[in-house]
Amino acid sequence: MAQFFTTVEILQLALLCSVLYQVNGNEVSVSSTGSVNVRPNEEVDLLCKAASPIKICNFVSPSGVNYFVSKSLGVKYEDRISFLGEDETSDCGIKIENVRESDNGAWKCEVTAVTEDGTTKRGVDTVKLTVLKAPSRVTLEVDGMEAEDSLTLVYEKEAPKKIRCVADGGQPVPTFSWKLNGSPAQVSVQDTAISEDGMAYEEVLFTGKPEDNTKDLECHVNSEAYTADELGEEQNVAKIMLNVEFPPKALLEVHDFYGMEVGSSYPIRISFRLNPPPSDVQWEMHDGTMVPQGSESQNGKYEADIPAEGPIQSNEEDPTLYTAILTINQVAPEDAGTLNKLHVTNAHGESVIRFKLGLGEKPAVEAGSGPIIAIVIIVLVIIVVIAVAVVARSQGLLCFSGRKKGPAEDQERAVEKEEKEGKEENGEKEEGSDTESAEHAESPIPESAADVTDQATQKERRNMSQKMNHFLISLKNPFGSFKRPAPVVETEELTENDGEEKSDEAETENKDGIVYADLDKSVMSEGNATLTVENEKTEYVEIQQ
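Residues numbered from 1 in each chain as written. Predicted model: local features only at pLDDT ≥ 70, side-chain atom pairs only at ≥ 80, totals over all residues. Heavy atoms only, no water.

1. Things to note about the overall build of the protein
No. 1: Scanning the protein for helices and strands turns up nine helices and 33 strands.
No. 2: The burial tally for the protein puts 32% of its 545 residues in the buried class.
No. 3: In the protein, 66% of the contacts between residues at least 6 apart in sequence involve partners at least 24 apart.
No. 4: Surface summary for the protein: the accessible area is close to 33,300 Å², and the carbon and sulfur share equals 50%. (Helix = DSSP H or I, 4+ residues; strand = E, 2+ residues; numbered from the N terminus. Buried < 20%, exposed > 50% of the residue type's maximum accessible area, 1.4 Å probe, protein only. Contact = heavy atoms within 4.5 Å. Areas by Shrake-Rupley, 256 points an atom, 1.4 Å probe, with all protein chains shown as cover.)

2. Topic: the pattern of salt bridges
No. 1: Scanning the model with the defined rule gives 16 salt bridges in all.
No. 2: Measuring nitrogen to oxygen at the nearest pair gives 2.8 Å for the salt bridge that ties K95 to D45. Of this pair, K95 sits in strand β9 (residues 91-96) while D45 is found in strand β4 (residues 44-50), placing the two residues 50 residues apart along the sequence.
No. 3: In this structure, K301 engages D335 in a salt bridge whose closest nitrogen and oxygen atoms are separated by 2.9 Å. On the criterion of sequence distance, the pair formed by K301 in the loop between β26 (295-296) and β27 (302-304) and D335 in the loop between β29 (321-328) and β30 (339-346) is long-range, its members being 34 residues apart.
No. 4: Through salt bridges with shared partners, a single network forms among E78, R80, R100 and D103. (Salt bridge = Lys/Arg side-chain N within 4 Å of Asp/Glu carboxyl O.)

3. Let's talk about the sheet that holds β4
No. 1: Pairing in this open sheet of five strands is antiparallel, and the strands run β2-β4-β9-β8-β7 from one edge to the other. The open sheet has two edge strands with one neighbour each: β2 (30-32) and β7 (76-77).
No. 2: Bridging between β2 and β4 involves three bridges; their strand directions are antiparallel. What sits directly across from S32, in β4, is C48. (Pairing = 2+ DSSP bridges.)

4. Description of the nonpolar core
No. 1: With 28 residues, the main nonpolar core has V44, L46, F59, I94, I96, W107 and L129 as its most contacted residues.
No. 2: The set of elements that each furnish at least two residues to this core consists of β3 (35-38), β4, β5 (54-60), β6 (66-69), β8 (81-84), β9, β10 (105-114) and β11 (120-131).
No. 3: Discounting residues that sit within four places of it in the chain, V44 has contacts with V36, V38, I94, K95, I96, V99 and L129.
No. 4: The next biggest cluster of nonpolar side chains, apart from the first, holds 26 residues, and it includes L140, C219, Y226 and L242. (Core = buried A, V, L, I, M, F, W, Y, C linked by side-chain atoms within 4.5 Å.)

5. Section: the pairing of β9
No. 1: Taking burial as the measure, the six residues of β9 include five buried ones, the bulk of the element.
No. 2: Sheet topology places β4 next to β9; six bridges connect them, and they run antiparallel. Each bridged residue has a counterpart across the sheet, and for L47 the counterpart in β9 is G93.
No. 3: The pairing of β8 with β9 spans four bridges and is classified as antiparallel. When the sheet's bridge partners are listed, I81 is paired in β9 with I96.
No. 4: Where β8 hands over to β9, the hairpin turn is made up of six residues, of which G85 adopts a positive phi near 155 degrees.

6. Quick look at the state of the cysteines
No. 1: One pass over the structure, following the stated rule, counts two disulfides.
No. 2: For C57, the disulfide goes to C92, at an S-S distance of 1.7 Å. Taking the sign of the S-S torsion, 85 degrees for the link of C57 and C92, the bridge is right-handed. Separated by 35 residues along the polypeptide, C57 in strand β5 and C92 in strand β9 bring together distant segments of the chain. Both residues of the pair, C57 and C92, belong to the buried class.
No. 3: With a sulfur-sulfur separation of 1.9 Å, C165 is cross-linked through a disulfide to C219. In this structure, the disulfide formed by C165 and C219 twists by about -90 degrees around the S-S bond and is classed as left-handed. Of the two residues, C165 is situated in strand β15 (residues 161-168) and C219 in strand β20 (residues 216-222); the sequence distance between them amounts to 54 residues. (Disulfide = S-S within 2.5 Å.)

7. Side note on the sheet that holds strand β25 (residues 290-292)
The strands making up a sheet associate through hydrogen bonds between their backbones, and the pairing can be parallel or antiparallel.
No. 1: Here five strands make up an open sheet; going across it, the order is β22-β31-β30-β24-β25 and the pairing mixed. Of all strands in the sheet, those bounded by a partner on one side alone are β22 (254-260) and β25. Taken pair by pair, the neighbouring strands of this sheet meet at an average axis angle of 25 degrees, ignoring direction.
No. 2: Here eight bridges tie β30 to strand β31 (residues 349-359), and the two strands are oriented antiparallel to one another. If you follow K341 over to β31, its bridge partner there is R354. (Axes fitted to C-alpha atoms, helices over the stretch in contact; angles between N-to-C directions.)

8. Section: unusual backbone geometry
No. 1: The linkage connecting Q171 with the following residue, P172, adopts the cis geometry, with an omega of 0 degrees.
No. 2: Secondary-structure assignment places P172 in the loop between β15 and β16 (175-180).
No. 3: Here D143, not a glycine, exhibits a phi torsion of approximately 55 degrees, which is positive.
No. 4: For D143, the location among the structural elements is in the loop between β12 (137-142) and β13 (145-146).
No. 5: What makes D143 exposed here is its relative accessible area of 59%.
No. 6: Here the phi dihedral of E234 falls at roughly 55 degrees; this positive angle occurs in a residue that is not glycine.
No. 7: Among the structural elements, E234 can be located in the loop between α2 (228-232) and β21 (237-250).
No. 8: A relative accessible area of 42% means that E234 is categorised as partly exposed.

Right, here's the structure in full:
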């Protein structure tokens with residue numbers, strides 16, 4: 001029987017239920033989808049959910065029309081609005097087919113539910129439906145009037161031009177962006193708003209530059225309502241071609257012309273930029289002769305053509321580029337090395353372009369003293385760095401210094417020293433010296449590892465200042481630091497005094513119970529590469545027995 005209910009009957013039933021349930025306040029928790037965007041003629045789902053069992057589900061359109069829906073009734077309003085949901089006790093929703101622009105706005109979801117204690121409560125939430133609509137027209141306005149196909153701007157003589165981009169209609173409100181031949185344009189945004197008639201617009205200030213001449217200033221209207229086809233047809237773009245006017249501008253500060261031959265003719269071509277075209281062009285030569293465009297001097301030496309559009313020799317298409325030509329019919333020796341002028345005038349000013357004339361080939365440009373000085377400084381710095389590195393390496397300083405030795409390494413070094421001394425003593429015995437045999441009979445008492453470590457530490461501290469002195473002295477002669485003096489041992493002196501020392505030792509050996517030991521200074525000076533043993537004397541130390 002549900003299919004036979006009319007809209008009026010369903011509305012009367014809903015009102016009756018509301019009275020019977022005695023709805024009290026807005027106390028039912030209702031959640032909705034929030035906001036939804038849809039294009040015209042498409043379908044959209046609007047859904048609300050309630051925490052308590054739903055008895056009545058009603059949607060109110062932006063225009064105030066009520067739509068009571070129920071899954072069990074299966075009613076469809078206007079042949080396009082019907083119930084949406086899986087469980088009608090918790091879901092309250094509608095499906096809108098064939099969406100219209102009039103559907104745009106806030107839809108209220110009104111839910112009547114029965115709580116656990118049996119009372120009837122009511123809850124309301126809102127779903128914002130946006131029916132996407134692309135602006136019907138995009139235009140540009142200049143000084144309050146719709147712009148034509150081109151816009152004339154005078155560089156450096158006019159204030160920035162105020163330009164407005166207008167989007168007719170559109171939902172949601174579009175945004176704007178500005179481009180110059182497809183690249184981002186430098187504009188100053190002054191205002192973005194919606195006019196009283198519902199048109200969105202953005203107003204900017206724009207200053208044209210000479211290089212912007214003939215380019216298109218584009219306003220792009222951004223809206224998700226545009227379809228791919230509409231974007232491909234650039235229905236969201238309004239553009240205008242710029243005509244930027246400016247006085248003559250020289251391409252070079254001074255033009256040089258060489259290759260002239262005395263007695264021959266020589267053409268001079270100079271290009272420049274300006275807009276509008278030149279109104280007057282005159283050549284001022286070094287001898288005081290003035291040659292207007294399209295004329296010949298009185299003496300017949302110079303002949304000037306009317307400037308032509310375009311560069312000298314190029315396929316570049318630039319309507320602001322012109323070239324003036326002057327022919328010297330017979331070059332004279334006094335023409336060489338002279339400075340001449342070309343006067344160019346248009347509606348916005350005059351420019352003087354200077355040029356030089358020369359015979360033969362152009363001389364090579366002499367390099368300035370600046371690069372030479374820089375090279376010399378760099379070479380000196382490299383030499384100093386190398387010298388410091390060499391000295392530091394020879395002295396074992398800076399990054400070339402060895403790592404600090406530990407007690408174990410010091411002990412190992414002392415043992416190696418004793419073994420080396422033993423080998424040297426054995427070699428001397430083989431030479432058959434009785435005096436040396438007597439001397440070596442009493443070998444030095446080996447030092448302990450702790451003593452060797454203390455000696456190495458003290459010696460390292462003691463020699464630090466000495467190493468720095470050597471380093472500073474070696475800077476004066478860095479390459480001489482590679483040469484190390486070889487130890488010199490005065491063997492003859494030792495041999496001559498050998499007998500005397502032996503007899504002295506025999507006399508004092510048992511005197512007062514004191515024994516004297518011969519010490520080798522090379523062990524004490526270990527680690528100092530700069531020490532020598534020249535004029536080394538035998539030293540003695542008392543050892544208490």
